[in-house]
Amino acid sequence: MFGRYRNLIVLVGVLFAQILGLAVQVKRTRNSEPTRLIRIWTVGTVSPLEKGLSWIQNSTGNIWSNYIYLRGVRAENRELKRQIEQMRLEQARMTQDADQAHRLQALLGFKEQFISRTVAAQVIGGSGSDLSRVIYIDKGYSDGIKPDMAVLTKDGIVGKVLRVDHRHVAQVLLIDDQTSGVGAILEKSRLQGILRGTSSGGVVLEKVMSDESVPIGERVLTSGGDGIFPKGLSVGTVTKVTSGSDLFLNVRVHPDADLSRIEEVLVVTQVDEKQVEADQMTPIRAVDILAQRLPTVPPKPEPTAPGQTPTGTKPASQNNPPNAVAPNSVTSAKIPVAAPPAAANTTNAAVTPNLKPTTPEHSGTAQPGSNTATTGIQRSGVAPSATSTSQGTVAKPKPNMPAASGSTTPGAPATGQSAAKPSSAGTTTNSGAAKNSAPKPTNVKSSSKPPSQDAPH
Amino acid sequence: MAITYTSGEQVEVYRFSIPATILIPLAAVFLQAWLPRHFPFFTIFDLPLLVTIGFATARRSPLAGLFTGGLIGIVQDALTQQPIGLFGIAKTVVGFGASSLGIKIDVENAGARFLLTILFYVVHEIVYFFIARVLVSLQMAWSWPHEIFSGVANAVLGIVIYALLDRVKQRT
């Protein structure tokens, strides 16, 4: 009897054992789920191979792209410089809005979150299954990675750390997995919902009532309600809105980050929360507001030094914030780039005073005249401190400003642009970077965060 | 006497060396995790499944087939965030079925392998879908065109994989 049906009996036994094991796993809550040895063994076996192949691939790619294939680099460089000039102008405008928001937050006693430390990691592998959208990164618990940490790229959020069973490997659950959930908010309409993945790999925003109007193309940000992703990180764009079930809309979202081609990510290892302090604000005098609103004569362009960009000639009302000429604002007029001595005593007052630094690298690598593009007009009566700021003083990174070059500024969540392409070098700490790289201005509070020990930006 | 659809000469039982038994499934799991990161279209393939079918049909032992399939599936499960056993159960069934069928019919020619792979790919997906929906409550959508297309794609790749496996299998 047993001999005749031996195969079938064994099959049933093996299946039964696996189903039993499956049932036990499903019944357990995630918090009580122990790390399965089979996972450790498998990941421990596979990840070194993946790391090795990643290293070979990156090395080969770097040699090719950095030393051999340099076609079009000059044109690209010119284009990037042009973009930088445009972005500086845009940055000046946005800073004014950010400052206003900052003042209002302080008035209301809001606390704000900001990313203070990140760890750059390389993606070394995935699950290999359409139904399990996870990736593996080359940083583990020895790098400070813990479960439920947010993972993002310069484009937007990617997912969260799910498991950290190894010293140098961690598993990240992508936002397009159907078991993931992210608190999200629509940028303009401020409607909140839950971002979920679908079985087909799409991303939808759930729990938006069907009587609401959601325009296609509206941006989706993190709401901070999930306790994992800081508020304001870029998520994606609404691409399709249909009526779903149970009085809710089915809002399809296209993620900003290309989830199928992620190579490097930033893991947010520390998010700080602090009260917006009133003394961070720049006082505005009525006369300053009046000066800004009054029509002004467009100034003559600043005589440019060789290699220097001509000074902008926009009206003062466009480029000068209300507090541009306030004494305090002058002393706090921190410029993200170092100005040349020639321009030092002329242009800074016209620069938006609260232009916050992006990265310390900027201050160190700025070319003469590089900040003149952001200046609107030359203003007289600039306090001497303006000169000092133009000579490379870097202010403390302000929460609302995006960063560049792999650093994350405290305000990175607000724009989602904080994480430029990271190197695999390691940790970035913005506040510490600012602290280390620049003299501390008198009217700018030093950050409460210690400088990063790994790779401050 | 068991009735088979092949002659006695065609029912050859093969075995694989220990390194091949360990390294080939491991390589299949590794490549399955590695390649889709760089070639996203590769997710339609299931290399561990093809190796399971290849081993099962060559060995022609249902017990060996189900254990091989189960182990490969569990290792594949370990790389996902889902409960361990989803791929394990599906590949156990496939390993058992492929080896049982391998006894009955000739699976040495490319045509038979092509059809066999499509059949077991669909079986694998049905078992996986059923378990995921019923036991794990995952939201999954079933699409026959997609499954058939994936089955054909896997069958094409399978012919190449089986030919490679033929080179390392040893006659008992």
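If you're wondering where the values come from, they're calculated on a predicted model, not measured in any experiment. (Residues numbered from 1 in each chain as written. Chains lettered and ligands numbered in written order. Predicted model: local features only at pLDDT ≥ 70, side-chain atom pairs only at ≥ 80, totals over all residues.)

Enquirer: Hey, could you go over the overall build of chain B for me, with residue numbers and the actual values?
Expert: Each helix and strand in chain B was counted, giving six helices and two strands. Per-residue burial over chain B gives 49% buried out of 172 residues. Across chain B, contacts joining residues at least 24 apart in sequence account for 71% of those joining residues at least 6 apart. (Helix = DSSP H or I, 4+ residues; strand = E, 2+ residues; numbered from the N terminus. Buried ≥ 20, exposed ≤ 12 C-beta atoms within 10 Å, placed from the backbone. Contact = placed C-beta atoms within 7 Å.)

Enquirer: Outline the overall build of chain A, listing residues and values.
Expert: Each helix and strand in chain A was counted, giving eleven helices and 13 strands. Within chain A, the fraction of its 457 residues that count as buried is 47%. Considering only residue pairs separated by 6 or more positions, chain A has 67% of its internal contacts joining residues 24 or more positions apart.

Enquirer: Which residues make up the interface of chain A and chain B, and what are the values?
Expert: Across the boundary between the two partners, chain A contributes 40 residues, which contact 34 residues of chain B. Only helix 1 (6–27), helix 2 (37–68), strand 1 (111–126) and strand 5 (170–174) of chain A provide two or more residues apiece to the side of chain A that touches chain B. In terms of residue count, helix 1 of chain A provides more of the side of chain A that touches chain B than any other element does, twelve residues in total. Its residues assigned to classes, the side of chain A that touches chain B shows 18 nonpolar, 18 polar and four charged. (Nonpolar A, V, L, I, M, F, W, Y, C, P; charged D, E, K, R; others polar.)

Enquirer: Go over the sheet that holds strand 6 (residues 181–186) of chain A, please, and point to the residues and values.
Expert: All names here are of chain A. One closed barrel holds the six strands; their spatial order is 6-7-8-11-10-9, and the pairing between them is antiparallel. Strand-to-strand twist across the sheet, computed as the mean angle between neighbouring axes with direction ignored, equals 40°. One ladder, built from five bridges, connects strand 6 with strand 7 (residues 192–197); its direction is antiparallel. Directly across from Ile185, in strand 7, lies its bridge partner Gln192. (Pairing = 2+ DSSP bridges. Axes fitted to C-alpha atoms, helices over the stretch in contact; angles between N-to-C directions.)

Enquirer: So what's going on with helix 6 (residues 144–168) of chain B? Which residues, and what values?
Expert: All names here are of chain B. An ideal rise of 1.5 Å per residue puts 36 Å on 25 residues; helix 6 measures up with 35 Å between its terminal C-alpha atoms. The largest bend in helix 6 comes to about 25°, at Gly158. Here helix 6 has its buried residues at Ser150, Gly151, Asn154, Ala155, Gly158, Ile161, Tyr162 and Leu165. Looking at the packing, one finds that the buried side of helix 6 touches helix 2 (47–59), helix 5 (110–134) and strand 2 (169–171). (Expected span 1.5 Å × (residues − 1). Bend = angle between axes of the 7 residues up to and from the residue.)

Enquirer: Describe the packing of helix 2 of chain A against helix 1 (residues 18–38) of chain B, with residues and values.
Expert: The axes of two packed helices give the description: the angle between them and the distance between them. For the pair helix 2 of chain A and helix 1 of chain B, the least separation of the axes is 10 Å and the interaxial angle reads 55°. In this view, helix 2 of chain A runs oblique relative to helix 1 of chain B, as classed from their interaxial angle. The two elements helix 2 of chain A and helix 1 of chain B cross, and the hand of that crossing is right-handed. On helix 1 of chain B, the residues touching Thr45(A), Val46(A), Leu49(A), Glu50(A) and Leu53(A) of helix 2 of chain A are Leu26(B), Val29(B), Phe30(B), Ala33(B) and Trp34(B). Residue composition of the contact of helix 2 of chain A with helix 1 of chain B, by class: eight nonpolar, one polar and one charged. (Parallel < 35°, antiparallel > 145°, perpendicular 65-115°, else oblique. Left-handed = near helix turned anticlockwise from the far one by under 90°.)

Enquirer: I'd love a proper account of the environment of Gly183(A), names of residues and values included.
Expert: Here Gly183(A) shows up in strand 6. The residues contacting Gly183(A), other than those within four sequence positions of it, are Ile194(A), Thr222(A), Ser223(A), Gly224(A), Gly225(A) and Asp226(A).

Enquirer: Describe the confidence of the model for chain A, and please don't skip the residues or the numbers.
Expert: Residues and elements named next belong to chain A. Looking at chain A as a whole, its pLDDT mean stands at 67, while 56% of the residues score no less than 70. When pLDDT is averaged over each helix and strand of chain A, the minimum, 35, is found for helix 6 (residues 327–331) and the maximum, 92, for strand 5. Below pLDDT 50 for its whole length, residues 307–457 participates in 384 contacts with residues either more than four positions away or in separate chains. (pLDDT = per-residue confidence, 0-100.)

Enquirer: Lay out the nonpolar core with the relevant residues and their values.
Expert: Among the nonpolar cores identified, the biggest contains 103 residues, and Ile157(A), Val158(A), Val172(A), Val265(A) and Val267(A) are the most heavily contacted of them. Take this core: its biggest share by element is nine residues, from helix 4 (residues 86–104) of chain B. The contact partners of Val172(A), leaving out residues within four places of it in the chain, are Val134(A), Ile135(A), Ile137(A), Val151(A), Val158(A), Gly159(A), Lys160(A), Val161(A) and Leu162(A). (Core = buried A, V, L, I, M, F, W, Y, C linked by C-beta atoms within 7 Å.)

Enquirer: Kindly report on the pairing of strand 6 of chain A, identifying the contributing residues and their values.
Expert: Residue and element names in this part refer to chain A. Between the antiparallel neighbours strand 6 and strand 7 lie five residues, among them Arg190 with a positive phi of about 60°. Sheet analysis places strand 6 next to strand 9 (residues 219–222), joined by three bridges and oriented antiparallel. By the bridge assignment for strand 9, Ala184 is matched with Thr222.

Enquirer: Provide a residue-level description of the pairing of strand 11 (residues 248–255) of chain A, including the pertinent values.
Expert: Residue and element names in this part refer to chain A. Two elements, strand 8 (residues 203–209) and strand 11, share five bridges in a ladder whose sense is antiparallel. Residue pairing in the sheet places Met209 in a bridge with Phe248 of strand 11. With seven bridges joining them, strand 10 (residues 234–243) and strand 11 adopt antiparallel strand pairing. Bridging from a neighbouring strand, Thr237 pairs with His254 of strand 11. Turn length for the strand 10-strand 11 hairpin, with the two strands adjacent in sequence and antiparallel, is four residues, and the turn residue Asp246 shows positive phi of about 60°.

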